[in-house]
Amino acid sequence: MTEASIPASAAIAATSRYDVRGLIRRTHGLLVPGILVIIWEAVVRAGWVSAHLLPPPSELVTTLADLAGNGTLIGHIGVSSLRVLIGFCIGAGLAVAVGAAVGLSRRTEALLDPTFQALRAIPSLAWVPLLLLWLGIDEAPKITLIAIGAFFPVYLNFVAGIQNVDRKLVEVGGIYGLTGYRLIARIFLPAALPNLFTGLRTGLSLSWMFLVAAELIAATRGLGYLLTDGRETGRADLVIVAIIVLALLGKTSDSLLRWLEDRLLGWRDVHDSGPS
Amino acid sequence: MSHDLLDLAVTAKDFQSLSVIKNVRFGIDPGEIVSLVGPSGCGKSTLLRIIAGLDTSYRGNVRINGKPPHLHSRDVGLIFQEPRLLPWLTVAENVAFELGRKGRHDPYVTQLLAEVGLGDFATAYPKQLSGGMAQRVAIARGLFSQPALLLLDEPFSAVDAFTRRRLQDLLLSVAGHHGTTLLLVTHDVSEAVYLSDRVIALAERPGRISGQVIVDAERPRDRRNPTLVRREAEVLTLLNDGTNGFFDLSYDLASAPRPWHATRLSSLNFAV
């Protein structure tokens, strides 16, 4: 205990004494992007690159402020986020249900798994024309496409998680007379939870990808529409702003899942690289 | 002979075409501590699995308090070679696994954890425990349902020798306090003799009883007690088919062809 506390207190003393150095250490991930932004601004100002093709960061900030000011950006973000949320929930929910059935029963696996493996082999964007034919150009095809994108990573990881549950732990459940539903709830689901979260996080990032695909094809609102709109009106600043917002949204939603994962899976005995 | 707590008569247990156990009969009275010792493959773990209700494909008659074995029996608890704690539950939740999540506040959990010396670890996760501590939690979990008969399958073989001796004494004191009958499977003859009132030696292929030794030393026992040493020698004799010889391979090795010979280059003919 004493040995551990010595370096810790020394580190605290060091940060308070050399506050500037500590601040630099904590923010040095921003150094490279910061320099790039300055070079970018300088290059465009100097006229080496057309401001029409590569708007300078200062102009992007103005565009962002304009879009945020008149409320259109929030509208686009809201529409896109809602589509992702609904599509992801449907896809992931179905994947958990089907994955549980396939993972827990050899018979269901023999029945269903080959079909899903075959469906998985289809590049998901190949569904787009069919979805447009069947479901029109309204919300339905977009949400379906996002759900398809979210389904497979969740399904595959969850099935693998259930099938890799330690036989010895299942036996412990057996000793305590757990069968059927109670065995699943108390042994299989908690044991498969780490894999499920891996699947959910992959599924969520794919959901954002398929959202853009869906909105690029046919949409009147949403961030994908903003991208199309920027291209058609020749406004590169709109396109870049949309890209930045998409990156932020993707990162934020992933961080939310990650936070949930850390809270629910604190029991895992994994290598911890420590706070960076 | 009739025993009150456990009456076991397994006439045959086959694994595919291999006969694992043939005509094993023994019984245990309440409060006894009995060990099964024998070489690997003598079916001693299988016997425990039968009594615990995990294995039902055998011929014979097993009675625990007059009833056939079944899973989740109130009469029987089982402790494995490894702690087998559920990593997503805290120590207290593992001990009270039988009751589900709500069981962690059960006062009996606190009492058991204090008895195994882990009173401060109720909210810790298994990953924070050492091997010996985890096995102590497993002992507490085995005792939580207050079984009349606690089965232990090589419970201390995965911990170091020092921890093992401490866990043995802990087991004796906790089981004595709760009046629990113990049936222990082990490879370690001195562990069996130190812990038990009776040691049953098994022979292999097929698993059968080669004899039993009654350990008549007073409790609490001193590990240096000469009686223990004599009983240990008797058990070893039983395990060696009634002789005091040792496992001797030297004749077989001497008569076997030598695996390699030095080759003289000049003896080789390279002409084709």
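The structure presented is a predicted model; accordingly, all values stated were derived computationally and were not measured. (Residues numbered from 1 in each chain as written. Chains lettered and ligands numbered in written order. Predicted model: local features only at pLDDT ≥ 70, side-chain atom pairs only at ≥ 80, totals over all residues. Heavy atoms only, no water.)

Moving on, we come to the pattern of salt bridges. Tallied over the entire structure, the rule returns 17 salt bridges over all chains. The salt bridge involving Arg84(B) is made with Glu171(A); its shortest N-O contact spans 2.9 Å. A residue pair is termed interchain when its members come from two chains, as with Arg84(B) in the loop between strand E5 (76-79) and helix H2 (91-95) and Glu171(A) in helix H9 (residues 167-175). Arg84(B) sits in the buried class, given a relative accessible area of 11%. (Salt bridge = Lys/Arg side-chain N within 4 Å of Asp/Glu carboxyl O. Helix = DSSP H or I, 4+ residues; strand = E, 2+ residues; numbered from the N terminus. Buried < 20%, exposed > 50% of the residue type's maximum accessible area, 1.4 Å probe, protein only.)

A few words now on the nonpolar core. Grouped together as the largest cluster of nonpolar side chains are 90 residues, with contacts concentrated most on Ile187(A), Leu6(B), Leu8(B), Phe26(B), Leu47(B), Leu151(B) and Leu183(B). Considering every element that reaches this core, the biggest residue donor is helix H10 (residues 180-217) of chain A, with 13 residues. Grouped together as the second largest cluster of nonpolar side chains are 48 residues, Ile33(B), Leu113(B), Val199(B) and Ala217(B) included. (Core = buried A, V, L, I, M, F, W, Y, C linked by side-chain atoms within 4.5 Å.)

This next bit is on the sheet that holds strand E2 (residues 18-28) of chain B. Residues and elements named next belong to chain B. Pairing is antiparallel in the open sheet, where 3 strands are placed in the order E2-E1-E4. Pairing within the sheet leaves two strands with one partner each, and these edge strands are E2 and strand E4 (59-64). Averaged over all neighbouring strand pairs, the angle between strand axes comes to 15 degrees, with direction disregarded. With 6 bridges joining them, strand E1 (residues 6-15) and E4 adopt antiparallel strand pairing. Looking across to E4, one finds that Asp-7 is bridged to Arg-63. Sheet strands in contact with helix H1 (residues 44-52) are E1, E2 and E4, and its direction is about 120 degrees off that of E1. (Pairing = 2+ DSSP bridges. Axes fitted to C-alpha atoms, helices over the stretch in contact; angles between N-to-C directions. Contact = heavy atoms within 4.5 Å.)

It is worth spelling out the interface of chain A and chain B at this point. Listed as interface residues are 18 residues of chain A and, on the opposing side, 19 residues of chain B. Buried area between chain A and chain B, both sides added, is near 1,900 Å², and the carbon and sulfur share of it is 66%. Between chain A and chain B we count 3 salt bridges in total. When the shortest N-O distance is used, the salt bridge between Glu82(B) and Lys168(A) registers 3.4 Å. Across the contact surface, chain A and chain B share 6 residue pairs in polar contact (both at pLDDT 80 or more). (Buried area = accessible area lost by both parts, 1.4 Å probe. Polar contact = N/O pair within 3.5 Å; in protein donor to acceptor, adjacent residues only side chain to side chain.)

All right, on to the environment of Val128(A) then. With respect to the element layout, Val128(A) can be found in helix H7 (residues 127-135). With 14 residues separating them in the primary sequence, Val128(A) and Lys142(A) have C-alpha atoms 8.7 Å apart.

Here the focus is the packing of helix H4 (residues 131-144) of chain B against helix H5 (residues 161-178) of chain B. Residues and elements named next belong to chain B. At their nearest, the axes of H4 and H5 sit 11 Å apart, and the two run at 15 degrees to each other. In terms of their interaxial angle, H4 and H5 are classed as roughly parallel. By crossing handedness, the relation of H4 to H5 is classed as right-handed. Two secondary-structure elements touch here, H4 through Gly-132, Gln-135, Arg-136, Ile-139 and Leu-143 and H5 through Thr-163, Leu-167, Leu-170, Leu-171, Val-174 and His-178. A breakdown of the residues in the contact of H4 with H5 according to their chemical character gives 6 nonpolar, 4 polar and 1 charged. (Parallel < 35°, antiparallel > 145°, perpendicular 65-115°, else oblique. Left-handed = near helix turned anticlockwise from the far one by under 90°. Nonpolar A, V, L, I, M, F, W, Y, C, P; charged D, E, K, R; others polar.)

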